[in-house]
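Chain and residue survey
This is what each chain is made of:
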Amino acid sequence: MVAKNLNFSKLKSSYLFIQIEQKKTEFLEKNPGVELINLGIGDTSSPIPQFISEKLAAAAIDLGTVTGYSGYGSSAGNPQLRKRISEVLYPNLVDGDEVFVSDGSKCDIGRLQILFGRDVTIAVQDPTYPVYVDGTLLQGATDEIVKMSCTPENHFFPDLSSLPRTDLIYFCSPNNPTGSVATKEQLKQLVDFAKQNQSIIIFDSAYAGFIQDPQLPRSIYEIEGADEVAIETGSFSKLAGFTGVRLGWTIVPQKLKYSDGSSIRDTWIRTISTIYNGPSNIAQAGGLAVLEPEGQRSVKRLIEQYMSGAQKLAVSLKQSGFVVYGGENAPYLWVRCEDKNSWDSFHELLEKSHIVSTPGAGFGMAGEGFIRFSAFATADDIEKAIEALAN
Ligand code: PL4
């Protein structure tokens, strides 16, 4: 028999979002027929806008024709889509050949860790999307991960002056789970910190499309010099309802180098061409549609719908006396649960109000005492949640 990869012993037995699914299933087994209100996992609920779904369908139909058929594409993605991502989402900030299209941000976060090997040291925001930590541990890093506490007390931005140097700094803005967004000044501090320490930032901008305030940065490359210290991942998942279609991207700038002066971008190309065969051609046709003017208008409406749900829920929670963060430039509400721990609050919400949430402690120690509500719910579920919480 073959021994298990010992890195698995560093992980908790179950991944957070699998735990949430299991809790839902157990509850429904005990309470058949109960309709749950889904504010838990951040998964989109609205259909893909018709303009985009028609382009997806047309691409699928084309594959059944002699002239429209295509097989393997480039591991880096369709060059036209790479160019459009740079032009539409990063005007004057990155070049198309620095954009690498993928099957999603989470998948890229997992693959990116290959670039730096197992002896890498990392810092993550606390609370944090669990994949940064679990993915690093799976690569073999020790579990001495620097946690950058992000709480209401520090306005969800870490005190960089007290942090030790790490090789990598994972940073997510708009943030999952706190719903906070770093300002330009804060991102500049982060970039300066990375430069001083010769660290690399892995910036997760999966929710950039949800930023409403034009003053807030949507990309780390809005900060001068960030292309020397940062990789950025992005996603069509929440932007266009592609959580099931699967499409994302990663920017690896030309200027980004290893300590020996060699190109990180070249190593990324070597990595993806070795262990990845590029995103689906159908999904990429959908991505191109999202970036057309009509596609942009339709995803804007989609985002407005989710953000309106976030606002309604936030107002109602505040009226009921809860302390609520986020929900203004991000699709998550981060709600204090004063007198209970977050798993107890999760269970109470599930059992008494039939609301599925995500306990803050699942995102790290600094998430204890909070509950996360996702605004990707249907308008109907948002109304039901408002009613249930008011009661
Ligand atoms: C449940 C900060 C959600 N099974 O869809 P992707 O791979 O392009 O993007 C995933 C992703 C990347 N970065 C951040 C994210 O928050 C997410 C999605 N997170 C959530 O509820 O926190 C979905 C989680 C999914 C998962 O494990 O990612």
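Structure first, text after, so check above.
What you are looking at is a predicted structure, and each value in this text was computed from that prediction instead of being measured. (Residues numbered from 1 in each chain as written. Predicted model: local features only at pLDDT ≥ 70, side-chain atom pairs only at ≥ 80, totals over all residues. Heavy atoms only, no water.)

Scanning the entire structure with this criterion turns up 21 aromatic pairs. The interplanar angle of 65° and the centroid separation of 6.2 Å between the aromatic rings of F17 and F363 together place this pair among those described as edge-to-face. Taken together, the residues F17 in helix α1 (residues 16-30) and F363 in the loop between β12 (358-359) and β13 (370-374) connect sequence positions 346 residues apart. With respect to class, F17 is no different from F363; both count as buried. Members of the aromatic cluster, joined through ring pairs, are Y15, F17, F156, Y325, W334, F363 and F370. (Phe/Tyr/Trp six-rings, centres within 6.5 Å; stacked < 30°, edge-to-face > 60°. Helix = DSSP H or I, 4+ residues; strand = E, 2+ residues; numbered from the N terminus. Buried < 20%, exposed > 50% of the residue type's maximum accessible area, 1.4 Å probe, protein only.)

Next up on the list: α1. Counted at 1.5 Å a residue, the expected span for α1 with its 15 residues is 21 Å, and the 21 Å between its end C-alpha atoms agrees. Buried residues along α1 sit against β1 (37-38), α11 (342-353), β11 (355-356), β12 and β13. (Expected span 1.5 Å × (residues − 1). Contact = heavy atoms within 4.5 Å.)

Close contacts around the ligand come from 20 residues, with Y15, G42, Y129, Y207 and S237 the closest. A distance of 2.6 Å is found between an oxygen atom of the ligand and a side-chain nitrogen or oxygen belonging to S237. For the ligand, an oxygen atom lies 2.8 Å from a polar atom in the side chain of R372. With the chains in place, 88% of the 610 Å² that the ligand exposes on its own is no longer accessible. Broken down by secondary-structure element, the contributors of at least two residues to the shell around the ligand are α4 (105-112) and α7 (237-240). The two domains that each donate at least three residues to the shell around the ligand are domain 1 (6-48 + 294-390) and domain 2 (51-292). (Near = heavy atom within 4 Å. Polar contact = N/O pair within 3.5 Å; in protein donor to acceptor, adjacent residues only side chain to side chain. Areas by Shrake-Rupley, 256 points an atom, 1.4 Å probe, with all protein chains shown as cover. Domains from an automatic or database assignment.)

In this section: the pairing of strand β5 (residues 168-172). The buried count for β5 comes to 5 of 5 residues, which makes it a mostly enclosed element. The pairing of strand β3 (residues 122-126) with β5 spans 2 bridges and is parallel. Directly across from A123, in β5, lies its bridge partner I169. Where β5 lies against strand β6 (residues 200-204), 5 bridges are found, and the strand directions are parallel. Its bridge partner being in β6, F171 is matched across the sheet by F203. Tracing the backbone out of β5, into helix α6 (residues 184-197) and back to the parallel element β6 gives a crossover that is right-handed. (Pairing = 2+ DSSP bridges. Right-handed = clockwise from strand over helix to strand, strands pointing away.)

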